[in-house]
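Chain by chain, the residues:
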Amino acid sequence: MSEATKPAAPKAAGRAGRNTELPEHLKAYKHVWVFVEHDRGHVNPVSWELMGEARKLADKLQVQVAGVILGGPDEPLDAYAKEAYAYGADRCYVMRDPVLKGYRNEPFTKGLTDLVNTHQPEIMLLGATAMGRDLAGSVATTLGTGLTADCTELNIDGRALAATRPTFGGSLLCTIMTLAYRPQMATVRPRVMQMPRRDESRTGDVVEMPLGMVETDVVTKLLEFIPDATRSTVNLAYADIIVTGGKGLKNADNFKLVWELARVLGAEVGATRAVTQAGWCEAERQVGQTGKTVRPKLYIAAGVSGAIQHRVGMESSDVIVAINTDPNAPIFDFAHHGIVGSAMQVLPVLTQTFRTHLDKRIRKVA
């Protein structure tokens, strides 16, 4: 074969040879959207946490923030829009339809993808909840774009969304960018981002769009909502104080010391993955990458080494107090206060000290 007839060598891609130039038709995509998740009259707080994060991203890009609200005609969607403005939105895209009352994947996917194709946002954020994860995956697949799940940090690199998440079982953090597709999608777990301040003076405009779907188009039917009477009342994500125990407590009997301190402080009890796997504590109390993400005012970690899998779930706590026998334990690298010692000895002393202090305050008030 002559040199002239040989096929051209493939073009090298991005940093490793991939073409990072955004196609011309996608350069029209602007603004940052947040899917406002609501259920039975209440907005999931993660939506407002994401609204605050969207505001920061939009300010860097010099674009607007929009909330996306889908629901039934008798649901208070306008009230949700007003809340969205207070938390940082400039606009809300609202879709009302009887088919959208109560979450079902098919109509919500059609509604959200139609809105995206019509109004072309460059970034779309959803909560990494049961609803958000289900919806984000189907929307990203339908749109043929990238989705980064369970992000711990969002930033802007050039004009691309730099989404950071744990990988390799939580041993590393990697930053992922969707360079040549739009919108750039990401999900973030509750309590990873800080709740923004409300500003009741903020207002915005509403853009309404019809769904164009009838009930017979939907395969799944919502017959009735039955609350789970056996559902755990654990509310780690929004607890002000959490006392967490790790494998350093040695056995289930010693883990009771965590419960005793938590009872005195009026705190929730947390646990590491190793503890829940050992059966010392129920899985609903696990803090970390494969458990809950928390942001309490006070986080006490007893016998917790501070591996990255646990760290990503609690490092945003206002004050972290660590108790560990190993002075070189990773948790001391990011704890605000550290106690080098046996948790089995330190916890009873803390419990008694807090009990005495709180009793004095109660008597003083009385």
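Residues numbered from 1 in each chain as written. Predicted model: local features only at pLDDT ≥ 70, side-chain atom pairs only at ≥ 80, totals over all residues. Heavy atoms only, no water.

Asker: Explain helix 4 (residues 130-143) to me, please; I cannot follow it from the model alone.
Answerer: Residue pairs spaced three or four apart in an α-helix point in one direction, given the helix's 3.6 residues per turn. Under the 1.5 Å per step criterion, the end-to-end length of helix 4 is 20 Å for 14 residues, consistent within 8% with the ideal 20 Å. Lining the buried residues of helix 4 we find strand 1 (32-35), strand 2 (38-39), helix 3 (105-119), strand 6 (123-127), strand 7 (147-151) and strand 11 (184-188). The positive-phi residue at the C-terminal boundary of helix 4 is Gly144, with phi of around 65 degrees. (Helix = DSSP H or I, 4+ residues; strand = E, 2+ residues; numbered from the N terminus. Expected span 1.5 Å × (residues − 1). Contact = heavy atoms within 4.5 Å.)

Asker: For this particular structure, what's the right way to read the nonpolar core?
Answerer: Note on soluble globular proteins: their nonpolar side chains tend to be buried together. Of all hydrophobic cores here, the largest spans 35 residues; its most connected members are Val32, Met51, Ile69, Leu125 and Leu154. For this core, the element with the highest residue contribution is helix 1 (residues 45-61), accounting for eight residues. Counting 26 residues, the second largest nonpolar core, distinct from the first, contains Met131, Ala136, Val139 and Met209. (Core = buried A, V, L, I, M, F, W, Y, C linked by side-chain atoms within 4.5 Å. Buried < 20%, exposed > 50% of the residue type's maximum accessible area, 1.4 Å probe, protein only.)

Asker: So what exactly am I meant to see when it comes to helix 3 here?
Answerer: Along its 15 residues, helix 3 runs 21 Å from first to last C-alpha, staying within 8% of the 21 Å computed at 1.5 Å per residue. Residues of helix 3 that are buried: Pro107, Phe108, Thr109, Gly111, Leu112, Thr113, Leu115 and Val116. Turning to helix 3, the residues buried within the fold contact strand 1, strand 4 (65-71), strand 5 (91-96), strand 6 and helix 4. Gln120, located one to two residues past helix 3, shows a positive phi value of around 55 degrees.

Asker: I tried to follow the sheet that holds strand 14 (residues 268-271) on my own but got confused; where do I start?
Answerer: For sheets, the rule is that strands pair by backbone hydrogen bonds, running either parallel or antiparallel. In spatial order, the strands read 14-13-15-16-17; together these five strands make up an open sheet with parallel pairing. Of all strands in the sheet, those bounded by a partner on one side alone are strand 14 and strand 17 (337-340). On average, adjacent strands in this sheet sit at an angle of 15 degrees to one another, irrespective of strand direction. Bridge count between strand 15 (residues 298-302) and strand 16 (residues 319-324): five bridges; the pairing is parallel. Note that in strand 16 the partner of Tyr299 across the bridge is Ile320. Here helix 5 (residues 252-265) sits on the sheet in contact with strand 13 (241-245), strand 14 and strand 15, set at roughly 170 degrees to strand 13. (Pairing = 2+ DSSP bridges. Axes fitted to C-alpha atoms, helices over the stretch in contact; angles between N-to-C directions.)

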